[in-house]
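Chain residues, written in single-letter form:
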Amino acid sequence: MIAMSESTTRLIHHSYAPPAGFDAPQPGVFKASTVFFPSVAAMRTRDWKQKQGYTYGLHGTPTSFMLEERLCEIEGGRYCLLVPSGLAAIANVALALLRTGDEVLLPANAYGPNLALAEGELVQWGITHQLYDPLDAEDLARRIGPRTRLVWLEAAGSVSLEFPDLRAMVDVCRRAGVTTALDNTWGAGLAFAPFDTGVDISVHALTKYPSGGGDVLMGSVMTRDPALHARLQGAHMRLGLGVGMNDVEAILRSLPSMSLRYRAQDMAARALADWMARQPEVAQVLHPAREDAPGYRHWRALCAPDGGDGLAAGLFSIILDARYTQAQVDRFCDALRLFRLGYSWGGPISLVVPYDLASMRGGWPSHLQRGTLVRFSLGLEAVADLQSDVAQALQTLGEP
Ligand SMILES: *Cc1c(COP(=O)(O)O)cnc(C)c1O
């Protein structure tokens, strides 16, 4: 032991270590940028890629390793990377797998910022993109060319919630030797087992259901294939996409209740969607578990194969009749009191967003009724109260 006369030094290098063997329902929060090594030899030999030991905060601590393992358990993957947001997960995949001259294909109903990444950064780097019809596997097959390196899939798609024939689309890509990445935020690893569809990568905005609080941003990138994981992990490290351990802890704390929350919000969404479908102001309700929804049979085959109720996220959109102006629809949204105006979903508070679908999709999709689209995400409030809220707001719609 080195003699330390200076009390600040003694304080910093204090020798007390708490007894080992503490065990409690929630794991400890291990925060680090610096990680200590017992010797230079250990420093030289410890390999951050193998995760057999700890090397630097960006490569993980016991807390983040634990979340990665639990997410693998839920989604059925073998390798998991944590990133600062769902969008960072999408970017991690794109930057790891695409280079100048390549092309990436996205569904026409892709999560908007994924397309924005393609239109912004990827184009500048000489990486092109095309949109395919999420309801037509043959359209996807036709668009795959010699430069196609990556195909994004989304089930259900964003905002209009069409449900693709995921297995058929993955088959098309496999036959062409193209890597597939599924944005699995909607299914959350609960509505269906992502890797059973044959996808290579599952990306998840943990911001939504795993967080469940509307207060944490995080994403995950999951694979089963070691070579693919190594490429994603290399880009993850070189881009410095680390996460904060307090945020990881918040997600670990919410994860045990995720399937209860998912089911509760699913039931609430279906009940409210049923009621909405009976309102004269509503031209169409878009929820993949409704028989008239685009891609309903694909949802049923994947998420309710035993003929039961199946599972779906607590999310749906309505198309308000074309006789209402955008200003009237905006006022309807403003009139809602329990539904708050805000992005994201999976949290305790119900949310509403009016979307300009025609400009998002470059025209009004022909398989949808004409009108103005509003998306609802269900929180954990009583459905009867949410229904009364919508009923009082609908009364404002007819006003000039
Ligand atoms: C929210 C969301 C994302 C992005 O997650 P952030 O954490 O907000 O960046 C990606 N994909 C889908 C389908 C989402 O809903």
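Before going into details, it helps to say that this report is about the structure given with it. Computed from a predicted structure; not experimentally measured. (Residues numbered from 1 in each chain as written. Predicted model: local features only at pLDDT ≥ 70, side-chain atom pairs only at ≥ 80, totals over all residues. Heavy atoms only, no water.)

Moving on, we get to the overall build of the chain. In terms of helices and strands, the chain carries 14 helices and 12 strands. Relative to the 2.2 N^0.38 estimate, which gives 21 Å for 400 residues, the radius of gyration of the chain is 23 Å and therefore close to what a compact globule would have. Out of the 400 residues belonging to the chain, those deemed buried represent 51%. If you take every contact in the chain between residues at least 6 apart in sequence, the share linking residues at least 24 apart comes to 73%. Counting every atom, the chain has about 18900 Å² of accessible surface; 53% of that belongs to carbon and sulfur. Positive and negative charge centroids in the chain, built from 35 and 41 side chains respectively, lie 5 Å apart. (Helix = DSSP H or I, 4+ residues; strand = E, 2+ residues; numbered from the N terminus. Rg over C-alpha atoms; globule rule 2.2 N^0.38 Å. Buried < 20%, exposed > 50% of the residue type's maximum accessible area, 1.4 Å probe, protein only. Contact = heavy atoms within 4.5 Å. Areas by Shrake-Rupley, 256 points an atom, 1.4 Å probe, with all protein chains shown as cover. Lys, Arg positive; Asp, Glu negative; His and termini not counted. Charge placed at Lys NZ, Arg CZ, Asp CG, Glu CD.)

This part takes up the site of the ligand. Lining the immediate environment of the ligand, one finds Ser-85, Gly-86, Leu-87, Tyr-111, Glu-154, Asp-183, Thr-185, Ala-205, Thr-207, Lys-208, Leu-217 and Trp-345. One of the side-chain nitrogen or oxygen atoms of Asp-183 is found 2.6 Å away from a nitrogen atom of the ligand. One of the side-chain N or O atoms of Lys-208 is found 2.5 Å from an oxygen atom in the ligand. Protein burial of the ligand: of its 380 Å² of free accessible surface, 89% is covered by the chains. Residues of the shell around the ligand, tallied by class, amount to five nonpolar, four polar and three charged. (Near = heavy atom within 4 Å. Polar contact = N/O pair within 3.5 Å; in protein donor to acceptor, adjacent residues only side chain to side chain. Nonpolar A, V, L, I, M, F, W, Y, C, P; charged D, E, K, R; others polar.)

Looking now at the side chain of Asp-139. Assignment of secondary structure puts Asp-139 in helix 6 (residues 137-143). Judged by its relative accessible area of 10%, Asp-139 falls in the buried class. A polar side-chain atom of Asp-139 sits 3.1 Å from a polar atom in the side chain of Arg-143. Leave out the neighbours within four places in its chain, and Asp-139 touches Tyr-132 and Asp-133.

Looking now at the pattern of salt bridges. In total, this model carries 13 salt bridges according to the counting rule given. When the shortest N-O distance is used, the salt bridge between Arg-142 and Asp-136 registers 3.9 Å. Residue class for Arg-142 comes out exposed when judged on its relative accessible area of 58%. The partner of Asp-139 in a salt bridge is Arg-143, with the nearest N and O atoms 3.1 Å apart. With Asp-139 and Arg-143 both in helix 6 and four residues apart, the pair spans about one turn of that helix. For Arg-143, a relative accessible area of 30% corresponds to the partly exposed category. Each of Asp-136, Asp-139, Arg-142 and Arg-143 takes part in a single network of salt bridges with overlapping partners. (Salt bridge = Lys/Arg side-chain N within 4 Å of Asp/Glu carboxyl O.)

Moving on, we come to the packing of helix 4 (residues 86-97) against helix 8 (residues 226-239). Two elements in contact, helix 4 and helix 8, have axes whose closest approach is 9 Å; the angle formed by their N-to-C orientations is 110°. Taken together, the axes of helix 4 and helix 8 are roughly perpendicular relative to one another. Residues Asn-92, Val-93, Leu-95, Ala-96 and Leu-97 of helix 4 pack against Leu-228, Arg-231, Leu-232, Ala-235, His-236 and Leu-239 of helix 8. For the contact of helix 4 with helix 8, a count of residues per class yields eight nonpolar, two polar and one charged. (Axes fitted to C-alpha atoms, helices over the stretch in contact; angles between N-to-C directions. Parallel < 35°, antiparallel > 145°, perpendicular 65-115°, else oblique.)

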